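Next come the chains, spelled out residue by residue.
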Amino acid sequence: MTVVAAYAATSSTGPLTKTTITRRDVGPRDVRFDIHFAGICHSDIHTVRAEWRQPRYPVVPGHEIAGIVTEVGSEVTGFKLGDRVGVGCFVDSCRDCDNCAAGLEQYCIGGGMIGTYNSVGRDGQPTHGGYSGSIVVDENYVLHIPEALPLDAAAPLLCAGITTYSPLRHWNVGPGSRVGVVGLGGLGHMAVKLATAMGAEVTVLSQSLKKMEDGLRLGAKNYHATSEPGTFKKLRNSFDVILNTVSANLDLGRYLEMVDLDGVFVELGAPENPLVVPPFSIIGMRRSIAGSVIGGIAETQEVLDFCAAHGIASEIEVIAPDYINEAYERVVASDVRYRFVIDTESLRS
Ligand code: NAP
Ligand code: ZN
Ligand code: ZN
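Chemist: Can you explain the packing of helix α4 (residues 160–170) against helix α5 (residues 186–197)? Please cite residues and give values.
Modeler: Relative orientation of the contacting elements α4 and α5 amounts to 50°, with a least axis distance of 8 Å. Classified by the angle their axes make, α4 and α5 are oblique. In the packing of α4 onto α5, the handedness of the crossing is right-handed. Taking contact as the criterion, the partners of Ala160, Gly161, Thr163, Thr164, Tyr165 and Leu168 in α4 are, on α5, Gly186, Leu187, Met190, Ala191, Leu194 and Ala195. A per-class count over the contact of α4 with α5 returns eight nonpolar, four polar and no charged.

Chemist: Describe the environment of Asp240, with residues and values.
Modeler: Considering the arrangement of structural elements, one finds Asp240 in strand β13 (residues 239–244). In sequence terms Asp240 and Asp262 are 22 residues apart; their C-alpha atoms lie 7.6 Å from each other. Apart from residues no more than four positions distant in its own chain, Asp240 is found in contact with Gly176, Ser177, Arg178, Gly263 and Val264. There is a polar contact of 2.7 Å between the side chain of Asp240 and the side chain of Arg178.

Chemist: Got a sec to walk through unusual backbone geometry? Specific residues and values, please.
Modeler: With an omega of -5°, the peptide bond running from Tyr57 to Pro58 counts as cis. Within the secondary structure layout, Pro58 lies in the loop between α1 (42–48) and β4 (65–72). In this structure, Asn118 is a non-glycine residue whose phi angle is positive, near 60°. Within the element layout of this structure, Asn118 appears in the loop between β7 (114–115) and β8 (134–138). The exposure class of Asn118 is buried, given its relative accessible area of 16%. One non-glycine residue, Ile294, adopts positive backbone phi at about 25°. By the element assignment, Ile294 lies in the loop between β15 (288–291) and α10 (297–310). Classification of Ile294 as buried rests on a relative accessible area of 7%.

Chemist: Describe the coordination of the zinc ion (ligand 3), listing the residues and the values that go with them.
Modeler: For the zinc ion (ligand 3), every protein donor is listed as Cys94 (SG), Cys97 (SG), Cys100 (SG) and Cys108 (SG), and the spread of their distances is 2.3 to 2.4 Å. Coordination at the zinc ion (ligand 3) is tetrahedral: its four donor atoms span angles of 103 to 117° at the metal. If you list the donors of the zinc ion (ligand 3) from N- to C-terminus, the spacing comes out as C-x2-C-x2-C-x7-C.

Chemist: Mind laying out the nonpolar core, listing which residues take part and the relevant values?
Modeler: The tendency in soluble globular proteins is for nonpolar side chains to be buried side by side. Phe33, Leu149, Leu168, Val179, Val192 and Leu194 are the most contacted members of the largest nonpolar core, which has 66 residues in total. Looking at this core, the element that brings in the most residues is α5, giving six residues. Among all residues touching Val179, those that are not within four sequence positions of it are Leu168, Val173, Ala195, Ala200, Glu201, Val202, Thr203, Phe239 and Val241. Grouped together as the second largest cluster of nonpolar side chains are 25 residues, Ala8, Leu16, Ile319 and Val331 included.

Calculation notes
- Residues numbered from 1 in each chain as written.
- Chains lettered and ligands numbered in written order.
- Predicted model: local features only at pLDDT ≥ 70, side-chain atom pairs only at ≥ 80, totals over all residues.
- Heavy atoms only, no water.
- Axes fitted to C-alpha atoms, helices over the stretch in contact; angles between N-to-C directions.
- Helix = DSSP H or I, 4+ residues; strand = E, 2+ residues; numbered from the N terminus.
- Parallel < 35°, antiparallel > 145°, perpendicular 65-115°, else oblique.
- Left-handed = near helix turned anticlockwise from the far one by under 90°.
- Contact = heavy atoms within 4.5 Å.
- Nonpolar A, V, L, I, M, F, W, Y, C, P; charged D, E, K, R; others polar.
- Polar contact = N/O pair within 3.5 Å; in protein donor to acceptor, adjacent residues only side chain to side chain.
- Buried < 20%, exposed > 50% of the residue type's maximum accessible area, 1.4 Å probe, protein only.
- Donors = N, O, S within 2.8 Å, 3.2 Å for Na, K, Ca; no water.
- Tetrahedral: all angles 85-135°; square planar, octahedral: opposite > 155°, others 65-115°.
- Core = buried A, V, L, I, M, F, W, Y, C linked by side-chain atoms within 4.5 Å.

This is the structure:
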């Protein structure tokens, strides 16, 4: 075992503090890599603050991880020393069920995917995420980060990128699609960039007009503030696909009514409380409401390659680990443009 520095939460209310964790020895099929950057996803905050369920403290969050390979097991075929790699939201799954076989490991029904943190690995040990100096992961769950992508701006593609790419592909977004993106945060800004690159006409629905210039620069054709009177009425029946990336509960009926006939409202955000769906907001226009969680390993590689090919990466603010707690407050206040990424250098030494 190797001792590694990390930032961990030990309760739902206290700050994350510096500590040490252990990483397992590299097995025959494992890859060890130095973590260079780790994105801060709103899911990290929901988890450590026990907004979903009671987590297993200490929690070392981080599932947008990018770094460089330092050791490979004797049977590893896909990676070598010095490779630029990433790990997203899960580090294992049953590998046997129909969904795993179909490359949909995120929907594993043979015990479920094993989360990168706040889970228990095959070895019975708690899993710990990217707010640390290095990690050991089975090669089947490690991604290649293309040379064209900077490691820091690529890290958020491992969650925010794939989470928005997968539903855009699933619902066949392309030229002619009218896509609404609710919330311009980590997921939202990637949704705008990816849907635009796919040829869709994108509209941002943000709480205010504060980020309008950014939204249009990222590729959106239209930008509306949901706080402005008249926005919902004006945009009734306007979209084929809406991706809702908001981390809080919304007055959902008003948003659903912006979906056009046979369109779909895809819930990506995971707020603390149940969604309330007024029946007439979906039966009126034969609308669908759906959900989607991250993406499989093959599709995660696909989004990394897609971003490299299209010159897309995340818009980031790089921070030192001792800024994590302040960054959390800023994420919760929607004051992030558009992803905090931790430079983990001080955790490697
Ligand atoms: P984020 O960076 O905090 O972005 C969320 C955005 O939602 C904010 O920037 C803000 O955008 C808007 N918002 C926040 N509070 C709001 C409120 N009270 N009313 C209306 N709008 C509000 O978060 P994120 O990392 O993108 O994650 C978003 C959500 O997706 C989280 O719940 C997270 O857990 C979930 N998630 C799900 C998956 C999945 O696989 N489905 C994967 C990753 C994350 P504006 O300022 O533009 O309004
Ligand atoms: Zn995430
Ligand atoms: Zn499975």
